[in-house]
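Listed below, chain by chain, are the residues.
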Amino acid sequence: MSTDSRLQSLMARERSTFADRHPGSRAAYTRSDHLFGRVPMTWMNKTAGDFPIYLEKAQGNRIVDVDGNTFVDFALGDTGAMAGHSPAPVVAAVTERVQRGLATMMPTEDAAIAGAELARRFGLPAWSFALTATDANRWAIRLLRAVTGRPKILVNSYCYHGSVDESLIVVGPDGRGTSREGNVGAPVDVTLTSRVAEFNDLAGLERELAHGDVAAVLMEPALTNIGIVLPEDGYLAGVRELTRRHGTYLINDETHTFSAGPGGATAFWGLEPDVLTIGKAIGGGVPVGAYGLSAELADALSGRGDLDLVDMGGVGGTLAGNPVSMAATRATLQEVLTDAAFATMIETASAFADGLIKIIEGYGLPWSVSRLGARVEYRFASPAPRNGTESAANANGELEDFLHLYLANRGVLLTPFHNMALMCPETSLADVARHHEIFDAALKELQPE
Ligand SMILES: Cc1ncc(COP(=O)(O)O)c(C=O)c1O
């Protein structure tokens, strides 16, 4: 039997097992006639089975579905639950706050405490809050366009910064920027608003910045949404030097790279962004986004009487900075995602990566494993891809779906969009061993007879 037909027959078996194990989820999906795509948000249809698994409850790194199946969760809400599901300090802070007003249009002191903690960790002094990382990025971009008077944003090919219009650009086959495939309803041709360079390509970055029209480079210090693509030696220092030389601001999006440590990749690698954006994990699962500004930028913006930062100037959301998000962020940063928690999570992730490498090597597969602190991911390519385009070229949706489904049918969840495993404070070495045992069994079944 060829490898392809073997994969297809194994997949058919796993699909059928999935259907048998999830009658309640299937029924719930069938009943959702009045949801667009049958799900509350269309991306929830990204599932290796024929329908999504419906949640009953989640605690720590365990999820129980509506059929009573229990899972070890390495997806952790694609980083939204890096603090673990429903961490006790966050539940306590939110429960207490929720009873005293939800949408009041007034600040609470939790915001100042959270802002001070973000400043301590990431080294930027002036913070503002959003409800998502997408919005944090959007607002940061607007502020930097305003300050520089320049029209464009530069991103890395195959980046992801949320549904930010300016970021949906890739390097095309001819080396020029072009709209990312599938881009929905772009307001204008993305090349009018954006420039693009490959990650780890300083010459390409310099070429684009030389046009003098780039307000800001928006980047992750390591790409995390097309596998993990780590920076090569000198790359991040080179980005900083080039952005300074060309009068371009630098935004580090730490929404995922926060996994590198308590101060994210910025503290871990000693980076000096002008702006830092983040979301997801800092709220312990409660919606929040945030952006931090350098003192110079905060001063420049405060001095600009022509910018409407208070009403309809395009920066803000009614529920941004709400009391519940702020209580959750304060509790997550102060009591859950602490230095000690990161030390444990990173140790567990190291064990995860080491074990994964051994298994992959044992089968002689040309795959690679990358780790960024508490986050581990494998790609079907070796050596590890150096940039987003290379990494995208090595995607294998069928194989990925098979591995996800095989694991899910045996009680382990990976992030639907990635071969990514994230550790939270509760993730144990026994959980890692369980993943590895099932992963090994999956690879064994894929071997030609
Ligand atoms: C690096 C990065 N930035 C921003 C976002 C957007 O986050 P949200 O969907 O919470 O707005 C994501 C989401 O995956 C992300 O990975």
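All values reported here derive from a predicted model rather than from experimental measurement.

### Some remarks on the overall build of the protein
No. 1: Along its length, the protein carries 15 helices and 16 strands.
No. 2: Taking 449 residues into account, the globule formula puts the C-alpha radius of gyration at 22 Å, and the protein, at 22 Å, falls close to it.
No. 3: With the C-alpha coordinates aligned to their principal axes, the bounding extent of the protein is approximately 70 × 55 × 45 Å.
No. 4: Restricting the contact set of the protein to residue pairs at least 6 apart, pairs at least 24 apart contribute 72%.
No. 5: Of the accessible surface of the protein, which amounts to about 19200 Å², a share of 55% is contributed by carbon and sulfur atoms.
No. 6: Computed over 37 positive and 54 negative side-chain charges, the inter-centroid distance for the protein is 2 Å.

### Focus: the packing of aromatic side chains
No. 1: The tally for this structure, following the rule as stated, stands at 13 aromatic pairs.
No. 2: When the ring centre of Tyr406 is taken as reference, the NZ or CZ atom of Arg410 above it lies at 3.5 Å.

### So, the sheet that holds strand 14 (residues 375-379)
No. 1: Strand order in this open sheet of three strands is 13-14-16, and the pairing throughout is antiparallel. At either end of the open sheet lies a strand with only one pairing partner, and these are strand 13 (368-372) and strand 16 (420-422). On average, each strand axis in the sheet is inclined to that of its neighbour by 15°, with strand direction left out of account.
No. 2: Both strand 14 and strand 16 contribute to a ladder of three bridges, which runs antiparallel.

### Structural notes on the sheet that holds strand 11 (residues 275-279)
No. 1: Pairing within the open sheet is mixed, and its seven strands lie in the order 4-12-11-10-9-5-8. Whereas interior strands pair on both sides, the edge strands pair on one side only; in this sheet they are strand 4 (126-130) and strand 8 (194-197). Between one strand axis and the next, the sheet turns by 20° as a mean value, whatever way the strands run.
No. 2: Relative to strand 12 (residues 289-293), strand 4 is paired through five bridges, and the arrangement is antiparallel. Looking at the pairing, Phe129 lines up with Ala290 of strand 12.
No. 3: Strands strand 5 (152-156), strand 9 (214-219) and strand 10 (249-253) of the sheet are contacted by helix 8 (residues 235-245), whose axis makes an angle of about 165° with strand 9.

### Overview of the confidence of the model for the protein
No. 1: Scored by pLDDT, the protein has a mean of 97; 100% of the residues are at 70 or more.
No. 2: The lowest-confidence element of the protein is helix 1 (residues 3-21), averaging 94 in pLDDT; the highest-confidence one is strand 9, averaging 99.

### Some thoughts on the site of the ligand
No. 1: Around the ligand, 13 residues are found, and the nearest of them are Thr134, Asn225, Asp253, His256 and Lys280.
No. 2: Within the backbone of Ala133, a nitrogen or oxygen atom sits 3.3 Å from an oxygen atom of the ligand.
No. 3: It is helix 5 (residues 133-148) that contributes the most residues to the shell around the ligand, three residues altogether.
No. 4: The residue makeup of the shell around the ligand, split by class, is two nonpolar, eight polar and three charged.

### As for helix 5
Because each turn of an α-helix spans 3.6 residues, side chains separated by three or four positions in sequence point in the same direction.
No. 1: For helix 5, built from 16 residues, the straight-helix expectation of 22 Å at 1.5 Å per residue is met to within 8% by its first-to-last C-alpha distance of 22 Å.
No. 2: If you check which residues of helix 5 are buried, you get Ala133, Thr134, Ala136, Asn137, Trp139, Ala140, Ile141, Leu143 and Leu144.
No. 3: Phi for Gly149, located one or two positions after helix 5, is positive at around 70°.

### Side note on the pattern of salt bridges
No. 1: Per the stated rule, a full pass over the model turns up 23 salt bridges.
No. 2: The salt bridge involving Glu445 is made with Arg13; its shortest N-O contact spans 2.9 Å. Within this pair, whereas Glu445 is found in helix 15 (residues 429-446), its partner Arg13 is found in helix 1, the two being separated by 432 residues in sequence.
No. 3: For Glu445, a relative accessible area of 23% translates into the label partly exposed.
No. 4: The class of Arg13 is partly exposed, set by a relative accessible area of 34%.

Cut-offs applied
Residues numbered from 1 in each chain as written. Predicted model: local features only at pLDDT ≥ 70, side-chain atom pairs only at ≥ 80, totals over all residues. Heavy atoms only, no water. Helix = DSSP H or I, 4+ residues; strand = E, 2+ residues; numbered from the N terminus. Rg over C-alpha atoms; globule rule 2.2 N^0.38 Å. Contact = heavy atoms within 4.5 Å. Areas by Shrake-Rupley, 256 points an atom, 1.4 Å probe, with all protein chains shown as cover. Lys, Arg positive; Asp, Glu negative; His and termini not counted. Charge placed at Lys NZ, Arg CZ, Asp CG, Glu CD. Phe/Tyr/Trp six-rings, centres within 6.5 Å; stacked < 30°, edge-to-face > 60°. Lys NZ or Arg CZ within 6 Å of the ring centre and 35° of its normal. Pairing = 2+ DSSP bridges. Axes fitted to C-alpha atoms, helices over the stretch in contact; angles between N-to-C directions. pLDDT = per-residue confidence, 0-100. Near = heavy atom within 4 Å. Polar contact = N/O pair within 3.5 Å; in protein donor to acceptor, adjacent residues only side chain to side chain. Nonpolar A, V, L, I, M, F, W, Y, C, P; charged D, E, K, R; others polar. Expected span 1.5 Å × (residues − 1). Buried < 20%, exposed > 50% of the residue type's maximum accessible area, 1.4 Å probe, protein only. Salt bridge = Lys/Arg side-chain N within 4 Å of Asp/Glu carboxyl O.

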